[in-house]
Amino acid sequence: MNGEPTKLYGDLIRVSPMRYVVPSRLDVNYIKYKMPIYEDDLWIVTPPKCGTTWTQEIVWLLLNNVDLEAAKINQFYRIPFLELDSIRGPSSEPYQKDLEMNEENLHHFESNSFEFAQSRPRPRVIKTHLPLTMLPNKLLDTCKVIFVARNVKDMAVSYYYHHKLIIPVDFPFKEFATVFKNGAILQTPMIPMVLEAWEKRHHPNMCFNTFEEMKADIDGVVGKLCKFLGLKLSDENKAKLLKAVSFDSLKKNKFVNKQKEFDQQDPAKEKVFIRKGMIGDWKNHFDEEMNAEWDPWIQNQLTNTDYSMIFE
Ligand code: A3P
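Since we're looking at a predicted model, the values are computed, not measured.

S.K.: Break down the pattern of salt bridges for me, with residues and values.
M.R.: Taken as a whole and judged by the stated rule, the model has 18 salt bridges. One salt bridge in this structure joins Glu213 and Lys224, with 2.9 Å as the shortest N-O distance. Placement of the pair is Glu213 in helix H11 (residues 211–216) and Lys224 in helix H12 (residues 218–229), with a sequence separation of 11 residues. The partner of Lys283 in a salt bridge is Glu312, and the shortest N-O contact between them spans 2.7 Å. On the criterion of sequence distance, the pair formed by Lys283 in the loop between helix H15 (259–265) and helix H16 (288–302) and Glu312 in the segment after H16 is long-range, its members being 29 residues apart. Looking at Lys283, the relative accessible area reads 44%, which means it is partly exposed. We classify Glu312 as exposed; its relative accessible area is 65%.

Now the structure itself:
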């Protein structure tokens, strides 16, 4: 890394050069310089709340001949989230790799995600919210990477509700938005992470998608992913897949909707991870004053790039 990480608050640190916010217990140097990667790895790299889960389900089904029966196991087991344990906090018990991968043991595997993800049989599919700059140096020259972006206002709104699932006290969106804009929320800043991947969009190992593209033309994005992964999809399987990954299906799918994960944290609260799935929910959350602050802030970051965000 360029320079030592700086301490933020709690156990969070900012890692140069992007000042990306991660828990201090994440072994950032191991990931960047030592972590083994393989040419048959597939990495799903996204800022949080940009359609990661949706993309994971599509990708898993594509790689597994749209086997909806085999998909009936928690998505985490199928495509593990590399750094989840650093976010969750250290596991209270030693990692038992031979435990059965079932719903009951999910928490154990999630609390040991770093080891679990790395030790998956090849070809591995790994999800991460870390920016390319924090991932293994040769990642893109070695493995395929699927990136998913979203407009930052909808992403922030979605992330606010995600935090509300976890944090027991109530707090207004405006407060969250201020901290977000100050780059002090876990797994942000988002725009630099997106721009970094956008610059690599023509790399043969990079497939760059957006939430808005997926909403507008899921058929097209599935076609693009097939081409990228070198797969053919029959019309029948395509219809099956599109139905299985629709908003309504995923919302009801207990292997995907993370009901279990959030239930463990506070069973009393209603937990909705697959929430609205729309473009433009930010309009229901940003007042005039916030737009006046955010719009130039976004614009400044996108000036001198050919990247634009779709807000409606
Ligand atoms: P909202 O909170 O705006 O509804 P991630 O998986 O990266 O955390 O992203 C979660 C966001 O993707 C949530 O956004 C969720 O509702 C949305 N999402 C998940 N599956 C979807 C689908 N099939 N169609 C549309 N949006 C979906």
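Structure's up, so let's keep going.
S.K.: Report on the site of the ligand, specifying residues and quantitative values.
M.R.: Taken together, 18 residues lie near the ligand, and Thr52, Thr53, Ser158, Lys276 and Gly277 sit nearest. Here an oxygen atom of the ligand and a side-chain polar atom of Lys49 are 3.1 Å apart. Thr52 places a side-chain nitrogen or oxygen 2.5 Å from an oxygen atom of the ligand. For the shell around the ligand, the secondary structure elements donating two or more residues are helix H2 (52–63) and helix H14 (247–252). When residues of the shell around the ligand are assigned to their parent elements, the largest contribution, three residues, is made by H2. When its residues are assigned to classes, the shell around the ligand shows eight nonpolar, six polar and four charged.

S.K.: Can you explain the sheet that holds strand E2 (residues 12–15)? Please cite residues and give values.
M.R.: Across the sheet, three strands lie side by side as E1-E2-E3; this open sheet has antiparallel pairing. Of all strands in the sheet, those bounded by a partner on one side alone are strand E1 (6–7) and strand E3 (20–23). With two bridges joining them, E1 and E2 adopt antiparallel strand pairing. Paired with Lys7 across the bridge in E2 is Ile13.

S.K.: Describe the side chain of His163, naming the residues involved and giving the relevant values.
M.R.: Tracing the chain through its elements places His163 in helix H8 (residues 152–166). In this view, His163 contacts Phe171, Phe176 and Ile185; residues no more than four positions away in its chain are not counted.

S.K.: Outline the sheet that holds strand E4 (residues 42–45), supporting the account with residue identities and numerical values.
M.R.: Strands sit in the order E5-E4-E6-E7 across an open sheet of four strands; the sheet is parallel. Strands with a single pairing partner mark the edges of an open sheet, and in this sheet they are strand E5 (125–128) and strand E7 (206–210). Across the sheet, the mean angle from the axis of one strand to that of its neighbour is 15 degrees, orientation sign disregarded. Sheet contacts for H2: E4, E5 and strand E6 (144–149); angle to E4, the most-contacted strand, approximately 160 degrees. Strands in contact with H12 are E4, E6 and E7; relative to E7, the strand with the most contacts, it is inclined by about 170 degrees.

Rules used throughout
- Residue positions are given per chain, counting from 1 as you read along its sequence in written order.
- This being a predicted model, a pLDDT of at least 70 is required before a residue's local features are given, and a value of 80 or more before pairs of side-chain atoms are given or counted; all residues contribute to the totals for chains, interfaces and linings.
- Excluding hydrogens and water, the side-chain figures rest on all heavy atoms present in the structure.
- By salt bridge we mean one thing: a side-chain nitrogen of Lys or Arg within 4 Å of a carboxyl oxygen of Asp or Glu.
- Strands here mean DSSP runs of E at least two residues long; helices mean DSSP runs of H or I at least four residues long; both are numbered from the N terminus.
- For every residue, the accessible area obtained with a 1.4 Å probe (protein chains only) is divided by the maximum for its type, and the residue is called buried under 20%, exposed over 50%, and partly exposed between those limits.
- In this text, near means that some heavy atom of the residue lies within 4 Å of the molecule or strand in question.
- Polar contacts here mean pairs of N or O atoms no more than 3.5 Å apart (in protein, one a potential hydrogen donor and the other a potential acceptor; neighbouring residues in sequence count only if both atoms are side-chain atoms).
- Residue polarity is assigned by list, with Asp, Glu, Lys and Arg as charged and Ala, Val, Leu, Ile, Met, Phe, Trp, Tyr, Cys and Pro as nonpolar; anything else, Gly included, falls into the polar class.
- By definition, two strands form a pair when at least two bridges between them are found by DSSP.
- What makes two residues a contact is simply this: any of their non-hydrogen atoms within 4.5 Å.
- Here an angle of 0 to 180 degrees is reported between the N-to-C directions of two axes, which are lines fitted to C-alpha atoms, with helices fitted over the stretch in contact.

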